[in-house]
Each structure stands twice: as C-alpha cells, then as structure tokens.
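Residue strings, one per chain:
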Amino acid sequence: MTATDTPIDALGALMRAAQRGDAAAYTELLRSITPRIRRVVLRERAFAGLPEVDDLVQDVLLSVHVARATYDAERPFEPWLLAIVRNRLADGARRYARTGAREINWDHESDVTFGASETNEETAEIGDGRALRAAVRALPEGQREAIELLKLEELSLKEAAAVSGTSVGALKVATHRALRALRRTLATKR
Amino acid sequence: MMETDRLIEQLAANLEPVEPLRSPGRRAAAFMLGATLYVALLTLALARPGAADRGVDPAVLVPQLVALAASLLAVRAAFASVVPGHDRSTLVWAAIGVVAWVGALAVGAFGFGASAEHAAVLGARHEIWCVALILAGGAPLVAALAALLRRGAPLRPITTATLAAVAVGSLANVAACFWTPHADGISAFFWHGGAILVLVLACAAGAPFVLTWRVARPLATGLARTSNGAV
C-alpha cells in the first residue's frame with residue numbers, strides 16, 4: 001500500500017501516535033494526507049497556479065501541526081482534517097481578495113535593483129549600522145517585531161504572521177510604518 | 001517557499017508530544033465550576049445590606065438560574081467551536097440558552113405591569129457600579145477562557161469570542177444582580193444588558209488578534225532557515 005491510499009481509520013491511528021510524539025508516524029501521516037489535501041485544494045481552487053496550490057497545501061499542513069492536540073481519537077479523522085482544509089481555504093480566499101484590493105503590480109524591477117540613482121543614494125545613506133540598530137530598537141513593539149521577523153530573520157509574510165499572531169495585512173502595514181519611521185529617524189541623524 | 005517534503009520533515013523533526021484536549025463538555029464543566037466559585041466569592045465580597053433578600057425572590061432567582069444554564073451552553077459551544085469537525089448542534093443549544101435567558105430577564109423586567117420613565121432608567125447612577133462589576137469582574141474570566149480557547153484551532157474566532165463573552169457576561173450578570181438591591185428591573189435590564197453587549201463587542205473585535213493560527217517561534221524560524229538554505 002502506498003502512502004497516498006492509507007485508509008482513513010489508519011490515519012487516525014497515526015495521529016494518535018503523533019500526539020504521543022512518534023515522529024515516524026507523523027511523517028507517514030503528513031505524507032499520506034498531502035495528496036488528499038492537494039486534491040481538495042485543486043478542486044476548490046481550480047483557477048489557482050501551482051505555487052498558490054503548494055502555498056495552500058503547506059498552510060494546511062502547518063495548521064494540522066498547530067491543531068494536532070484537538071484531534072479526538074474517538075472521532076473520525078476525515079471530518080477533522082476537512083474542517084481545517086475548508087477553514088484555511090476560506091482564509092486564503094479572504095487574504096487573496098484583500099491583497100488584490102490593496103496592492104498593485106510593480107513591473108519596474110530595474111528600479112528596485114538599484115537601477116535608479118535615488119535608490120542607490122537612499123541605500124548609501126543607511127550605512128551606519130549602529131544608528132540603524134538604535135533606530136530599530138526605538139521602534140514601537142509591533143513595528144519592531146515586524147522588522148525583526150521579516151527583514152532580520154527573513155521569514156515569509158505568512159510565517160511571520162503565524163509567529164507574531166497578527167494578520168498578513170497588519171504585518172504589511174506595520175512594516176511600511178516601521179520603514180517610514182526608520183527613514184525619518186536616520187534622515188534627522190544625518 | 002520551501003518544498004512540501006522539506007516542510008513535512010521539519011514538522012516531524014520539531015514534533016513534541018501533546019496532551020489531546022478533553023471533550024468540549026468536560027472542558028466547559030471544569031471552567032464553569034471555577035467560574036461559578038469565582039462569581040460566588042465576588043458577590044459575597046461585594047454584597048450590600050439587603051442583597052440576601054434578593055436570593056430568595058423568585059423574580060430574581062429564576063432568571064439567574066437560567067443565566068447559569070445559558071452560560072454553560074455558551075461555554076460548551078465556544079469550546080466545541082475550536083475543535084475541527086465538531087458537531088454544530090452545540091451552537092443551536094447555545095442560541096436556545098441565550099434566548100431563554102434574555103426572555104427570562106425581559107419577563108422579570110417588563111412583566112407584571114412594570115414600568116419606568118426614560119429619565120429614571122438613564123439616571124439610575126448606582127447601575128454604573130453594576131456595569132463596572134460586569135466588565136471588571138468579567139475580565140479575569142475572559143482572560144482565563146481565552147487562554148483555554150487558544151489551545152484549540154481558531155476556526156471561527158469571532159463566533160468563538162462572542163460565545164465566550166456571552167458566557168462570561170451572563171455569569172458576571174448574576175453577581176451584578178445579587179450584590180445590591182435594585183430599584184427597578186427595567187433599569188437593570190438596560191444597564192446590565194448594555195454592559196454585556198459592550199463585553200461581547202469588545203471580545204468579538206479582539207478575537208482576530210487573540211485567536212490565531214500560531215506557530216511556535218523556534219519552529220517557524222527553523223522553517224525559514226531551511227527555506228533560505230541556511231541549515
């Protein structure tokens with residue numbers, strides 16, 4: 001039997017083992033449910049591209065990991081999993097709608113990669129590492145956390161949102177405000 | 001974004017044993033036991049002269065018993081709402097409990113030909129202390145309930161928070177109804193009801209920030225390092 005056609009009841013047994021800390025059972029469980037999740041995502045989001053489908057599948061896997069304590073061994077596994085999948089798909093759709101309404105495409109990559117002289121000048125001005133560190137420390141809590149997670153620890157927006165417990169939108173706003181505050185602070189120090 | 005296979009490896013590598021959550025009914029019963037004890041102590045600590053007489057007045061006592069039942073149903077529904085795939089009938093029972101409770105309060109306030117002037121209702125200054133009691137006295141219960149609910153899956157944060165606030169509000173209202181004699185039921189109905197509404201709105205507004213899909217920081221950092229090729 002391959003990992004993808006493990007019976008649903010067996011998945012419940014694997015989850016029970018995972019709750020006890022059995023990493024091998026957990027790996028088998030996640031490998032077994034990934035194709036099932038992918039099928040649901042493809043059915044519900046037929047318009048989505050491959051990267052978005054992967055994104056949603058991984059989002060569900062992370063949520064399964066976070067919520068594994070809520071699985072009740074006396075209940076069937078499939079409704080538990082499907083409830084998480086539907087919830088994450090709905091969240092993904094809401095996020096997509098919000099992002100689409102707020103953001104515009106930016107095709108001038110040359111400007112971002114230092115093609116424009118203004119960008120070079122701005123970057124050169126932030127040359128003092130100590131001043132930058134002090135300016136980051138002086139930021140309000142939420143803005144500092146956004147900068148630390150996204151710019152220093154280099155987490156993705158989704159990962160940073162999961163760590164900080166805020167939404168992706170709130171993180172974007174906090175980052176935008178933090179960068180503006182840093183620019184202002186560093187400009188006054190020159 | 002990292003490959004799904006590597007994500008699975010990372011999740012398995014960071015796996016820790018977890019204690020499965022008890023059933024929503026059991027969790028609700030345990031919470032209600034502690035919360036009812038807290039409310040009883042709060043009422044006894046704040047009780048004014050004449051408050052004991054209210055405890056034997058059926059017009060006051062019956063709505064409070066219904067409030068306790070409504071609170072239990074709402075807490076049970078709140079705990080069930082953070083369990084993926086759980087039976088949704090708990091929501092219906094919670095709604096029935098709330099309707100019964102509000103109905104009992106309304107009969108107590110407006111029944112038997114009771115009436116009050118607008119000015120008397122708005123000018124019932126002593127009710128401000130009841131509002132403070134519901135909000136400040138309910139805050140520790142909200143915090144405790146939020147901590148318990150965060151152990152579950154935040155599938156519908158606003159619904160969960162609303163149920164939790166209704167549960168805490170109806171419990172705190174018991175203390176607010178018993179701690180001091182009230183001039184008339186209509187003033188109490190509007191002031192107490194207003195305080196509970198504020199509690200519900202505040203909890204619903206804060207829910208998306210408190211009840212979130214939270215990944216432990218070491219795990220998320222580990223995932224990011226792997227995806228960046230730093231490990």
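Analysis parameters
Residues numbered from 1 in each chain as written. Chains lettered and ligands numbered in written order. Predicted model: local features only at pLDDT ≥ 70, side-chain atom pairs only at ≥ 80, totals over all residues. Helix = DSSP H or I, 4+ residues; strand = E, 2+ residues; numbered from the N terminus. Buried ≥ 20, exposed ≤ 12 C-beta atoms within 10 Å, placed from the backbone. Contact = placed C-beta atoms within 7 Å. Expected span 1.5 Å × (residues − 1). Domains from an automatic or database assignment. Nonpolar A, V, L, I, M, F, W, Y, C, P; charged D, E, K, R; others polar. Core = buried A, V, L, I, M, F, W, Y, C linked by C-beta atoms within 7 Å. Axes fitted to C-alpha atoms, helices over the stretch in contact; angles between N-to-C directions. Parallel < 35°, antiparallel > 145°, perpendicular 65-115°, else oblique. Left-handed = near helix turned anticlockwise from the far one by under 90°. pLDDT = per-residue confidence, 0-100.

Caption draft 1: Expanded view of the overall build of chain B. Each helix and strand counted, chain B has ten helices and zero strands in total. Scanning chain B from its N terminus toward the C terminus, one meets helices and strands in the order α-α-α-α-α-α-α-α-α-α. Split into buried and exposed, the 231 residues of chain B put 44% on the buried side. Here the analysis covers contacts within chain B between residues at least 6 apart in sequence; of these, 88% occur between residues at least 24 apart.

Caption draft 2: View of the overall build of chain A. When helices and strands are counted, chain A shows ten helices and zero strands. Counting from the amino terminus, helix and strand elements in chain A follow one another as α-α-α-α-α-α-α-α-α-α. Within chain A, buried positions represent 31% of all 190 residues. For chain A, the proportion of contacts with a sequence separation of at least 24, taken over those separated by at least 6, is 59%.

Caption draft 3: Seen up close, helix H8 (residues 157–178) of chain B. With 22 residues, H8 of chain B ought to run about 32 Å at 1.5 Å a step, and its terminal C-alpha atoms sit 32 Å apart, in line with that. For H8 of chain B, the buried fraction is high: 20 of the 22 residues fall into the buried class.

Caption draft 4: Structural context of the domain arrangement of chain A. Residues and elements named next belong to chain A. Domain boundaries in chain A define domain 1 (3–102) and domain 2 (109–189). Between domain 1 and domain 2, the contact holds four residues from the first and four residues from the second. For the side of domain 1 that touches domain 2, the per-class residue count stands at one nonpolar, no polar and three charged.

Caption draft 5: Local environment of the nonpolar core. Counting residues in each nonpolar core, the largest one holds 104 residues, and the members touching the most others are Leu 61 of chain A together with Ala 74, Ala 78, Ala 164, Ala 167, Val 168 and Ala 175 of chain B. If one sorts the elements of this core by residue count, H8 of chain B sits on top with 14 residues. For this core, the domains that each give at least three residues are domain 1 (3–102) and domain 2 (109–189) of chain A. Excluding its chain neighbours within four sequence positions, the residues that come into contact with Val 168 of chain B are Gly 138, Leu 141, Val 142, Leu 145 and Leu 199 of chain B.

Caption draft 6: Summary view of the packing of H8 of chain B against helix H9 (residues 185–210) of chain B. All names here are of chain B. One can describe the packing of H8 onto H9 by two numbers: an axis separation of 8 Å at closest approach and a directional angle of 150°. The angle between H8 and H9 places the two elements in the roughly antiparallel class. For the element pair H8 and H9, the recorded crossing hand is right-handed. Partitioning the contact of H8 with H9 into residue classes produces 17 nonpolar, six polar and no charged.

Caption draft 7: Structural detail: the interface of chain B and chain A. Residue-level contacts link 35 residues of chain B with 44 residues of chain A. Among the elements of the structure, helix H1 (4–13), H9 and helix H10 (217–227) of chain B are those that each provide at least two residues to the side of chain B that touches chain A.

Caption draft 8: Structural view of the environment of Ser 63 of chain A. Its location among the elements puts Ser 63 of chain A in helix H3 (residues 50–66). For Ser 63 of chain A, a count of 22 C-beta atoms within 10 Å corresponds to the buried category. The sequence separation of Ser 63 of chain A and Ala 90 of chain A amounts to 27 residues, and the corresponding C-alpha distance is 13 Å. Dropping the residues within four chain positions of it, Ser 63 of chain A is found in contact with Ile 84 and Arg 88 of chain A together with Trp 213 of chain B.

Caption draft 9: Layout of the environment of Ala 35 of chain B. Residues and elements named next belong to chain B. Here Ala 35 shows up in helix H2 (residues 24–46). Once the C-alpha coordinates of Ala 35 and Val 174 are considered, the two residues, 139 residues apart in sequence, prove to be 12 Å apart. The contacts of Ala 35, once residues within four sequence positions are left out, are Leu 141 and Leu 171.

Caption draft 10: Structural view of the environment of Leu 81 of chain A. If you trace the backbone, Leu 81 of chain A turns up in helix H4 (residues 77–102). Using a count of 25 C-beta atoms within 10 Å as the deciding quantity, one classes Leu 81 of chain A as buried.

Caption draft 11: Fine view of the packing of helix H4 (residues 58–81) of chain B against helix H5 (residues 89–110) of chain B. Residue and element names in this part refer to chain B. Two numbers describe how H4 lies on H5: the axes approach to 8 Å, and their chain directions differ by 160°. Looking at the two axes, H4 sits roughly antiparallel to H5. Of the two elements, H4 crosses H5, and the hand of that crossing is left-handed. Residue-level inspection shows Ala 59, Val 62, Pro 63, Val 66, Ala 67, Ala 69, Ala 70, Leu 73, Ala 74, Arg 76, Ala 77 and Ala 80 of H4 in contact with H5, the latter providing Thr 90, Leu 91, Trp 93, Ala 94, Gly 97, Val 98, Ala 100, Trp 101, Ala 104, Leu 105 and Gly 108. In terms of residue class, the contact of H4 with H5 is built from 19 nonpolar, three polar and one charged.

Caption draft 12: Fine view of the confidence of the model for chain B. Residues and elements named next belong to chain B. Looking at chain B as a whole, the pLDDT averages 84, with 81% of positions reaching at least 70. Ranking the helices and strands of chain B by mean pLDDT puts H2 first, with 93, and H10 last, with 56. Scored below 50 in pLDDT, residues 227–231 shows six contacts in the model against residues more than four places distant or in partner chains. Here the complex is predicted with pTM 0.72, and the ipTM for its interfaces comes to 0.78.

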